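Examining the three-dimensional arrangement
Spelled out from the first residue to the last, the chains are:
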Amino acid sequence: ESETEPIFDIGLDTLLTQSSLRQLSSLGLSLQGISDDGVARLCDAIPTDQLTKLDLGDNDITAKGFQTLAESRLLGQLTSLNLIDNPVGGSHFEGLLKSSQGRGIKHLGIGGRDWTGSELAGALERSRLRPTELGLRARELNTPDIERLVNVSWAGRLRTLDLSKTKLSEKAIALLSKSEA
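The following refers to the structure shown.

Thresholds, definitions, all that
- Residues numbered from 1 in each chain as written.
- Predicted model: local features only at pLDDT ≥ 70, side-chain atom pairs only at ≥ 80, totals over all residues.
- Heavy atoms only, no water.
- Helix = DSSP H or I, 4+ residues; strand = E, 2+ residues; numbered from the N terminus.
- Buried < 20%, exposed > 50% of the residue type's maximum accessible area, 1.4 Å probe, protein only.
- Contact = heavy atoms within 4.5 Å.
- Areas by Shrake-Rupley, 256 points an atom, 1.4 Å probe, with all protein chains shown as cover.
- Arc of directions from axis to C-beta.
- Polar contact = N/O pair within 3.5 Å; in protein donor to acceptor, adjacent residues only side chain to side chain.
- Salt bridge = Lys/Arg side-chain N within 4 Å of Asp/Glu carboxyl O.
- Pairing = 2+ DSSP bridges.
- 1 Å grid on protein atoms, 1.4 Å probe; cavity = no way out; pocket = protein on both sides within 12 Å on 5 of 7 lines; lining within 4 Å.
- Points joined across faces, edges and corners; volume = space filled by probe spheres on them.
- Nonpolar A, V, L, I, M, F, W, Y, C, P; charged D, E, K, R; others polar.
- Axes fitted to C-alpha atoms, helices over the stretch in contact; angles between N-to-C directions.

What follows covers the overall build of the chain. Across its full length, the chain carries 7 helices and 8 strands. Going through the 181 residues of the chain one by one, you find that 46% of them count as buried. At a minimum sequence separation of 6, the contacts of the chain that also span at least 24 residues come to 82%. Total accessible area on the chain is roughly 9200 Å²; 47% of this is exposed by carbon and sulfur atoms.

Taken as a whole, helix H6 (residues 143-150) has its buried residues at Asp145, Ile146 and Leu149. Mapping the buried residues of H6 onto a view down its axis gives an arc of 95 degrees, with all of them on the same face.

Our next topic: the side chain of Asn59. Tracing the chain through its elements places Asn59 in the loop between strand E2 (53-55) and helix H3 (63-71). Separated by 3.0 Å, the side chain of Asn59 and the backbone oxygen of Leu56 make a polar contact. Not counting chain neighbours up to four residues away, the residues in contact with Asn59 comprise Leu29, Ser30, Leu31, Gln32, Gly33, Ile34, Asp85, Asn86 and Pro87.

Okay, the pattern of salt bridges next. Evaluation of the coordinates by the stated rule reveals 2 salt bridges. Among the ionic pairs, Arg137 bridges to Asp85, the shortest N-O distance being 2.5 Å. Highlighted residues: Arg137 in strand E5 (residues 133-137) and Asp85 in the loop between strand E3 (80-82) and helix H4 (94-97), separated in sequence by 52 residues. Across the pair, Asp85 and Arg137 agree in class, each one buried. Glu125 serves as the salt-bridge partner of Arg148, at 2.8 Å between the closest nitrogen and oxygen. Note that Arg148 is positioned in helix H6 and Glu125 in helix H5 (residues 117-125), a separation of 23 residues in sequence. For Arg148, a relative accessible area of 26% translates into the label partly exposed. For Glu125, a relative accessible area of 40% gives the class partly exposed.

Let us look at H3. Listed as buried for H3 are Gly65, Phe66, Leu69 and Ala70. Buried residues of H3, seen end-on, are gathered within an arc of 140 degrees and therefore sit on one face of the element. Residues of H3 that are exposed and point over 90 degrees away from its buried face: Lys64 and Glu71. Buried residues along H3 sit in contact with helix H2 (36-45), E3 and H4.

Turning our eyes to something else, we now look at the pairing of strand E4 (residues 107-111). Counting buried residues along E4, 4 of its 5 residues qualify, which places the element largely inside the surrounding structure. Two elements, E3 and E4, share 3 bridges in a ladder whose sense is parallel. Of the residues in E4, the one forming a bridge with Ser80 is His107. One ladder, built from 5 bridges, connects E4 with E5; its direction is parallel.

The next point concerns the layout of surface pockets. Within this model, the second largest pocket holds a volume of roughly 210 Å³. Surrounding the second largest pocket, 17 residues form its lining, Asn82, Ile84, Gly135, Arg137 and Asp162 being those nearest its centre. Among the secondary structure elements, those contributing two or more residues to the lining of the second largest pocket are E4, E5 and strand E7 (160-162). The element best represented in the lining of the second largest pocket is E5, accounting for 4 residues. Here the lining of the second largest pocket is composed, by residue class, of 2 nonpolar, 8 polar and 7 charged.

So, on to the sheet that holds E7. Reading across from one edge, E1-E2-E3-E4-E5-E7 is the order of the 6 strands in this open sheet, with parallel pairing throughout. Looking at which strands have only one partner, the edges of the open sheet turn out to be strand E1 (26-28) and E7. Between one strand axis and the next, the sheet turns through 10 degrees on average, direction left out of account. On top of the sheet, H5 reaches E4 and E5; it is set at about 150 degrees to E5, its chief contact.

Shown next, in the form of structure tokens:
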């Protein structure tokens, strides 16, 4: 593993000082090697008056970075947030999912290739966020996990459920099909 700072973090300050960022409503930064420090700088520097969509998927953000985001004023402005495939499990999202600042988020992407279905279901059961579009990723979702997901108190509000790149058991697929009827 490299000991050097990710390229994105090195150029982040330059990017964040650009006046054109004030006009952005959507910012996609997936696959940029963003670290916890990068998230902190992003939260401090991004003007929140226009930005409503933020994609930080596939980066190097850990629990510390998610907590920073959960406590930031930036979270309160967002309606869409993608955090899929950062190197943490479900318990590390607790602060973010329980944040009252994120209640405006309508599209949420969470999970990752290292998540278990149980971690994902548990995190969503405790969430204060009530998205209408949900992107989930886990190693595998089995029948008990799907049962927990379709029974979270706000599941009836969902209009979009994306389970791309998540292995589903045959029983889980049958249960999902039944819940849509």
